[in-house]
Amino acid sequence: MSLRVAVQMDPIEKINITGDSTFALMLEAQARGHDMVVYGPEQMSLKDNHLTARVRPVRVRDEKGNHADLGAETRVDLATFDVVLMRQDPPFDMNYTTATHLLDRIHPKTLVVNDPTSVRNAPEKILVNEFPDLMPPTLVSRDRQEIEDFRAEHGDLVMKPLYGNGGAGVFQVGREDENFNGFFDLFAGLSREPWMIQKFLPAVKAGDKRIILVEGIAKGALNRVPAAGDIRANLVRGGAGQATDLTPREKEICARIGPVLKERGLIFVGIDVIDGNLTEINVTSPTGLRGIKRLGGLDLAVDIWDAIEHRLGRS
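Per-chain numbering applies: the sequence of each chain, read as written, is numbered from 1 onward. Local features in this predicted model are restricted to residues whose pLDDT is 70 or higher, and side-chain atom pairs enter the listing and the counts only when it is 80 or higher, whereas totals over whole chains, interfaces and linings include all residues. Side-chain metrics rest on all non-hydrogen atoms present in the structure, leaving aside hydrogens and water.

With that out of the way, let us pick up the sheet that holds strand 13 (residues 208–214). By definition, the strands of a sheet pair up through backbone hydrogen bonds, in either a parallel or an antiparallel sense. A pair of strands is labelled paired if DSSP reports no fewer than 2 bridges between them. Think of it this way: any DSSP run of H or I at least four residues long counts as a helix, any run of E at least two long counts as a strand, and we number them from the N terminus. Across the sheet, which stays open at both edges, the five strands sit in the order 15-14-13-16-17 with antiparallel pairing between neighbours. Sheet topology places strand 15 (240–243) and strand 17 (277–282) at the edges, where each strand pairs with a single neighbour. Pairwise comparison of adjacent strand axes, ignoring direction, gives a mean angle of 30 degrees for this sheet. For strand 13 and strand 14 (residues 217–225), the ladder comprises seven bridges, and the chain directions are antiparallel. Across the sheet, Val214 pairs through a bridge with Ile217, a residue of strand 14. Only C-alpha atoms enter the line fits that serve as axes; for helices the fit covers just the stretch in contact. Angles between N-to-C directions range over 0 to 180 degrees.

In structure tokens, the structure reads:
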């Protein structure tokens, strides 16, 4: 049976379909005969406790530069849809947080993927801290002395914006790095949030593995190798994707965190693992579907839509 699907995303005209997981989900939804509309979070309105959005019907095709046909814009009640895919990219700022509050008004009668309350309570660099024994040594702080003590204990560090994405603002700092004070002052002036600080793992040069979990079950993975002269393996930062399998340690990590993800309504999750260390749990707008399929893996958009339809009692 056809579903009514609303996709909350960044402007579809501007996406790079080569690596865009939202586009992969849309291709599969269309193949199943579901009706789709698209809109951005800035097009939502809440009036008299009714959540509406200005949406445009969309048809997609896997053709770079000609990948979407959009219809006329109308305002609709989002509660009339079966599914809303919350797929706008971070940063996880107050705009993102507000979007989760608004979508709480219609979920779960309208299934929001991922659960907006869980997304709000579990941004990528916060949820992961529930599993400290699976992680490298990690500190979340903006206290200079605490960070200095952590650097003295662990040596080379990686510092990341707590609510960033795509490798932006990520840098490595050594135990004796004289740039540390400059970095600290710069980033302290740019935001009021803490950083995530982790012990640097040299094995990142061999790859930062993105593992996709659907309903808490590992379904596929992509090894991302940083470009020369960079520690960031993100594909949008020049990292190269490689086909890969899961190690016993990675299977152990997935088995530990999987039930928690499923219980919280986090249907589509991407985790990052370096040398057997869990570094992030991505729940906002995970990527990796197109890369895994392109390198000979399964089309995991199929698994995600199977899970969505099962939750709706349509499978």
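Mapped onto the elements, Leu70 comes out in strand 5 (residues 68–70). Counting along the chain gives 15 residues from Leu70 to Val55, while the straight-line C-alpha distance between them is 9.7 Å.

Another point: helix 7 (residues 248–263). Helix span, as expected, comes to 1.5 Å for every residue beyond the first. Across its 16 residues, helix 7 extends 24 Å between first and last C-alpha, which sits within 8% of the 22 Å expected from 1.5 Å per residue. Backbone geometry just after helix 7 places Gly265 at a positive phi near 75 degrees.

The four strands lie next to each other as 9-12-10-11, forming an open sheet whose pairing is antiparallel. Both outer strands of the open sheet, strand 9 (138–141) and strand 11 (171–173), are each paired with one neighbouring strand and no more. Sheet twist, expressed as the mean angle between neighbouring strand axes with direction ignored, is 25 degrees. Pairing geometry for strand 9 and strand 12 (residues 195–199), over four bridges, is antiparallel.

This part takes up the packing of aromatic side chains. Between 30 and 60 degrees the pair is tilted, below 30 it is stacked and above 60 it is edge-to-face, where a pair is any two Phe, Tyr or Trp rings, Trp via its six-membered ring, whose centres lie within 6.5 Å. Tallied over the full model, the rule gives six aromatic pairs. For the ring pair Phe92 and Tyr96, a centre distance of 5.3 Å and an interplane angle of 35 degrees mean the geometry is tilted. A 1.4 Å probe rolled over the protein chains alone gives each residue an accessible area, and that area as a share of the maximum for its type sets the label: buried under 20%, exposed over 50%, partly exposed in between. When its relative accessible area of 2% is taken as the criterion, Tyr96 is described as buried. Their ring planes at 55 degrees and their centres at 5.1 Å tell us that Phe184 and Trp195 sit as a pair that is tilted. Residue Phe184 is found in helix 6 (residues 180–190), and its partner Trp195 is found in strand 12; the two are separated by 11 residues along the sequence. With respect to class, Phe184 is no different from Trp195; both count as buried.

When two helices pack together, their arrangement is captured by the angle between the axes and the distance separating the axes. Closest axis-to-axis distance for the helix 5 (residues 144–154)/helix 6 pair is 12 Å, and the angle between their directions is 145 degrees. For the crossing formed where helix 5 meets helix 6, the hand is right-handed. Mapping the contact onto sequence places Arg144, Ile147, Glu148 and Arg151 in helix 5 and Phe180, Asn181, Phe184 and Asp185 in helix 6. Asp, Glu, Lys and Arg are counted as charged, while Ala, Val, Leu, Ile, Met, Phe, Trp, Tyr, Cys and Pro are counted as nonpolar; the rest, among them Gly, fall into the polar class. Classifying every residue of the contact of helix 5 with helix 6 by side-chain character gives three nonpolar, one polar and four charged. In this scheme, a crossing is called left-handed if the near helix is turned counterclockwise away from the far one by less than a right angle; it is called right-handed if the turn is clockwise. Should any heavy atoms of two residues lie within 4.5 Å, those residues are considered in contact.

Looking now at the layout of surface pockets. Volume-wise, the second largest pocket comes out at about 260 Å³. As for the second largest pocket, its lining consists of 13 residues, and the residues nearest its centre are Pro161, Leu162, Leu190, Ser191 and Glu193. A breakdown of the residues in the lining of the second largest pocket according to their chemical character gives nine nonpolar, two polar and two charged. Cavities and pockets are found on a 1 Å grid laid over the protein atoms alone: a cavity is a set of points where a 1.4 Å probe fits but cannot escape, a pocket is an open set with protein on both sides within 12 Å along at least five of seven lines, and a lining residue has an atom within 4 Å of such a point. Grid points are joined across faces, edges and corners, and a volume is the space filled by probe spheres set on the points.

Below, the discussion takes up the pattern of salt bridges. A side-chain nitrogen of Lys or Arg and a carboxyl oxygen of Asp or Glu constitute a salt bridge if their distance falls within 4 Å. With the rule as written, the count across this model stands at 20 salt bridges. We note a salt bridge from Asp272 to Arg224, for which the minimum N-O separation is 3.0 Å. Pair noted here: Asp272 is in strand 16 (residues 268–274) and Arg224 is in strand 14, with a separation of 48 residues, a long-range link. With a shortest N-O distance of 3.5 Å, Asp299 and Lys293 are connected by a salt bridge. When its relative accessible area of 44% is taken as the criterion, Lys293 is described as partly exposed. When salt bridges that share partners are traced, they join Glu28, Arg32, Asp306 and Glu309 into one network.

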